[in-house]
Each structure stands twice: as C-alpha cells, then as structure tokens.
Amino acid sequence: MPTTSTRVLAATAASATALLLTACGSGDDAAAASDGVGVVAAFYPLQWAAERVGGDRVDVTSLTPPGAEPHDLELTPRDVASLTEADLVVYLQGFQPALDDAAAEAGDNTWDAGQAADLSLTTEEHSHEGESEEEHAEHAEEEGGEEVTDPHFWLDPTRLADVGDALAERLAETDPDGAATYEENAAALRTDLEALDAEMQEGLADCAVSTLVTSHDAFGYLADRYGLEVVGISGLSPSTEPSPGQLAEISTLVRETGVTTVYTETLVDPAVAETVAQEAGVQTAVLDPLEGLTDESAGSDYLEVMRADLATLQEGQGCA
C-alpha cells in the first residue's frame, strides 16, 4: 500500500503535469491568437484604415509613435528590420522620406497607398530657407516655385474609402482565406466614410469665409472636396520655415479676405500661426490634420476627430 508521502508525491507530480499541459495549451492558444497577418503602417490614417479593413485577421503596428510628427520620422535599425519581417507594409511614398528607401529595400511586401488615393493635387514649394526677401523674390521669379504632389489625401473621406477598397484587395493577396472578410470590412468602412462625407458636404455648404489659413499646407484635399481655398503658412512639411515676407503677405491676405480664424495644429508648434493671427488681429483655433493622435486630440479615432474638425470649421469659417 502506498505511504502517505508517496501519495503526496504522486498528487504533486500529477498537478505539475496538469499545470504543464495547461501552460502548453495556453501557449498554443496565444500563438494562434497572434498568427494574424502582420501589418506595419507608416502613420495613423493608414494604421486606422488597416485596422478597420483587416479586423481580427491582422495585427497592425505603426512606425510613427503616438504624438510624433510623421513628416519627421526617423527609422531605428529595429524599425527597418520590422519592414522585412512584416507580411505587409502600408505606406505613402513621398510623405516620409526616411521610409521611402527602406520600403524599396523591403521588397514585395510593401504597398503604396498613393495610387489608390489618386494624389491629383500639387502645390508650389520654394526651398530656399535662410535667404533674404530679395533673394526669395528673385528665385520665385526665376523658377516659379517647384510643383510638388500633395500627399494629405485622407482629409477627403472619399479618397480614404478608395484606399480601404484597394487595401482589401492587397490583403486578400497576402491572405486569400480572408478575402471575403476584407471585402466586407472595406464596405463597412466605406459606409462610415461616405456618411462622414455627407455631413461635411452639408456642414460646409454655406460658409461666410471660404479661405482657410492653416499652420501648414495639409488641408488641400479637404478644401478641394468642400469648396474652400487653403493657404498654408508653412509648406507641405510643417518644418518649412516661411520667410518674414511670406508671413507679412499672409497677414495681409487674412485682413483683406475677411478671415476671422487662423488654425493651429496638435502636432506642430503654434508660434508661427499665432504670430500671423496676432498681426492680423484675428483668433486662432485648433484644426487637426490627423497625421497622428495625441492625448489632446478631439476624439479617439479618425471619425471622431474629423467630426470635431467639422465643428471647428463651421465656427471658424462662419458656416450656416
């Protein structure tokens, strides 16, 4: 007959075996749960679209940390490695220069959202920082500025919906078993974005002031979609410093066009925009270009922040 100590040892061994089996099972379950398609998104709007379209079948990470300015992205060696390890890299060529070369090296697992977004808008950029006003005027007259593509397509919800549809097709190439899910999720995303677009069409249909003066030239697609005219104090990148002559010109434009509000941003130092507003004697308000979310963002996702932007624009532009 087994002794008491023998029975205790046997029970202990059985418990340990059960715990080991449970742990192994839990590990398998965890591994299965993390077996989704690995997607690396360049910055927030692409991250949000990938999460919406991919649903439970994808694991999405963003190269741009929350609160960081995506134009200024610098890649660490670990970031570069993540591009080659991912099943799919979703980025926007020309928007983040540090990412373009790395994406090219990553191979066939990269997908540029620009074609689906139809980047049809261009703007004129002068890249002569530190020059005098006379030199700036001379260069502007000689060159007429450089035409560059505006990448900020996501501020037109209909273009983001097009990107969602195309992304569903691209994800289906990587994960054919999920094709129906991706198509269904993209359709739901389009429904939400078209509803947002209808709200913005109605809300911005009758505004007293059509000129939109913003910290940097990020709202071209929004302005094009809803009948406004955008004037960016800085260029397409918020790090581009306007000359004193340009600041004076914009201040004059503000006064002459009846602008009552100059818009600052969540991720950009408001000092330059506040200077223009002060010189022109008008107020400021925060308009979010949705390049990234922060604790100060007026919403927890793209849709909420866009609706907050709509309310800000209605007040700042005097919309009925």
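Each remark here, short or long, concerns the structure printed above.
Residues numbered from 1 in each chain as written. Predicted model: local features only at pLDDT ≥ 70, side-chain atom pairs only at ≥ 80, totals over all residues. Heavy atoms only, no water.

Enquirer: Looking at this structure, how should I read the sheet that holds strand S9 (residues 261-264)?
Expert: Remark on secondary structure: sheet strands pair via backbone hydrogen bonds, oriented parallel or antiparallel. Here four strands make up an open sheet; going across it, the order is S8-S7-S9-S10 and the pairing parallel. With one partner strand each, in any of the chains shown, strand S8 (229-232) and strand S10 (283-286) form the two edges of the open sheet. On average, adjacent strands in this sheet sit at an angle of 35 degrees to one another, irrespective of strand direction. Where strand S7 (residues 211-214) and S9 come together, two bridges link them in parallel fashion. When the sheet's bridge partners are listed, Thr214 is paired in S9 with Tyr263. Contacts from helix H11 (residues 271-280) reach S9 and S10, with the element oriented near 170 degrees to S9. Relative to S9, helix H12 (residues 302-316) is tilted by about 155 degrees, and along the sheet it contacts S7, S9 and S10. (Pairing = 2+ DSSP bridges. Helix = DSSP H or I, 4+ residues; strand = E, 2+ residues; numbered from the N terminus. Axes fitted to C-alpha atoms, helices over the stretch in contact; angles between N-to-C directions. Contact = heavy atoms within 4.5 Å.)

Enquirer: When you look at the sheet that holds strand S2 (residues 58-62) in this model, what are you seeing that I'm missing?
Expert: In spatial order, the strands read S2-S1-S3-S4; together these four strands make up an open sheet with parallel pairing. The sheet is open, and its two edges are formed by S2 and strand S4 (110-112), each paired on a single side. Averaged over all adjacent pairs, the angle separating strand axes in this sheet is 25 degrees, with direction ignored.

Enquirer: Before we go on, may I ask you to explain the state of the cysteines in this structure?
Expert: By definition, a disulfide is the covalent link that joins the sulfur atoms of two cysteine residues. Per the stated rule, a full pass over the model turns up one disulfide. Each disulfide pairs two cysteine sulfurs, and for Cys207 the partner residue is Cys319, the sulfurs being separated by 2.0 Å. In this structure the cystine formed by Cys207 and Cys319 twists about its S-S bond by roughly 95 degrees; its chirality is therefore right-handed. Here the residue Cys207 occupies a position in the loop between helix H8 (179-203) and S7, and Cys319 occupies one in the segment after H12, the gap between them amounting to 112 residues. Assessed through its relative accessible area of 19%, Cys207 is described here as buried. Among the residues examined, Cys319 registers a relative accessible area of 14% and is labelled buried. (Disulfide = S-S within 2.5 Å. Buried < 20%, exposed > 50% of the residue type's maximum accessible area, 1.4 Å probe, protein only.)

Enquirer: Even after reading the chapter, I still don't get the pattern of salt bridges, so can you show me in this structure?
Expert: Where charged atoms from two side chains of opposite charge approach closely, those side chains can pair. Scanning the entire structure with this criterion turns up ten salt bridges. Note that Arg57 is salt-bridged to Asp175, the shortest N-O span being 2.8 Å. Here the residue Arg57 occupies a position in the loop between helix H2 (44-54) and S2, and Asp175 occupies one in the loop between helix H7 (157-174) and H8, the gap between them amounting to 118 residues. We note a salt bridge from Glu173 to Arg170, for which the minimum N-O separation is 3.8 Å. Of the two residues, Glu173 and Arg170 both sit in helix H7, three residues apart, roughly one turn of that helix. For Glu173, a relative accessible area of 59% translates into the label exposed. Residues participating in the shared-partner salt-bridge network are Asp162, Asp165, Arg190 and Glu194. (Salt bridge = Lys/Arg side-chain N within 4 Å of Asp/Glu carboxyl O.)

Enquirer: I'm lost on unusual backbone geometry in this one. Help?
Expert: Leave glycine aside and you will find that most residues have negative phi; peptide bonds, for their part, are mostly trans. Positive phi, normally seen in glycine, also occurs at Asp118, with a value near 55 degrees. Considering the arrangement of structural elements, one finds Asp118 in the loop between helix H5 (114-117) and strand S5 (122-125). For Leu290, which is not glycine, the phi dihedral falls at a positive 55 degrees. If you trace the backbone, Leu290 turns up in the loop between S10 and H12. Given the relative accessible area of 0%, Leu290 is considered buried.

Enquirer: It is not clear to me how the packing of H8 against H12 should be interpreted in this structure. Could you clarify?
Expert: Packed helices, taken two at a time, are described by the angle between their axes plus the distance between the axes. Relative to each other, H8 and H12 sit at 5 degrees, their axes nearing to 10 Å. As far as their axial angle goes, H12 and H8 are roughly parallel. For the pair H8 and H12, contact is made by Asp192, Leu193, Leu196, Glu199, Met200 and Gly203 and by Tyr302, Leu303, Met306, Arg307, Leu310 and Gln314, respectively. The class makeup of the residues in the contact of H8 with H12 is seven nonpolar, two polar and three charged. (Parallel < 35°, antiparallel > 145°, perpendicular 65-115°, else oblique. Nonpolar A, V, L, I, M, F, W, Y, C, P; charged D, E, K, R; others polar.)

Enquirer: Whenever I open this one, the pairing of S9 confuses me. Can you help?
Expert: The side chains of a regular strand alternate between both faces of the sheet. Burial along S9 is two-sided: Thr261 and Tyr263 facing one way and Val262 and Thr264 facing the other are all buried. The pairing of S9 with S10 spans four bridges and is classified as parallel. Note on S10: the bridge partner recorded for Tyr263 is Ala285. Handedness of the β-α-β unit built from S9, H11 and S10 comes out right-handed. (Right-handed = clockwise from strand over helix to strand, strands pointing away.)

Enquirer: Could you clarify how one ought to interpret the packing of aromatic side chains in this entry?
Expert: We describe a pair of aromatic rings using the distance from one ring centre to the other and the angle between the two ring planes. Applying the stated rule across the entire model yields five aromatic pairs. Plain terms: the ring middles of Trp48 and Tyr302 are 4.9 Å apart, the flat faces sit at 25 degrees to each other, and that makes the pair stacked. Pair noted here: Trp48 is in helix H2 and Tyr302 is in helix H12, with a separation of 254 residues, a long-range link. Across the pair, exposure class does not vary: Trp48 and Tyr302 are buried alike. On the numbers, 5.5 Å between centres and 80 degrees between planes, the contact of Phe95 with Trp154 is edge-to-face. In this pair, Phe95 is assigned in the loop between strand S3 (88-91) and helix H4 (97-106) and Trp154 in the loop between strand S6 (146-149) and H7, connecting sequence segments 59 residues apart. Trp154 carries the same exposure label as Phe95, and that label is buried. Counting every residue linked through ring pairs, the aromatic cluster contains Phe43, Phe95, Phe153 and Trp154. (Phe/Tyr/Trp six-rings, centres within 6.5 Å; stacked < 30°, edge-to-face > 60°.)

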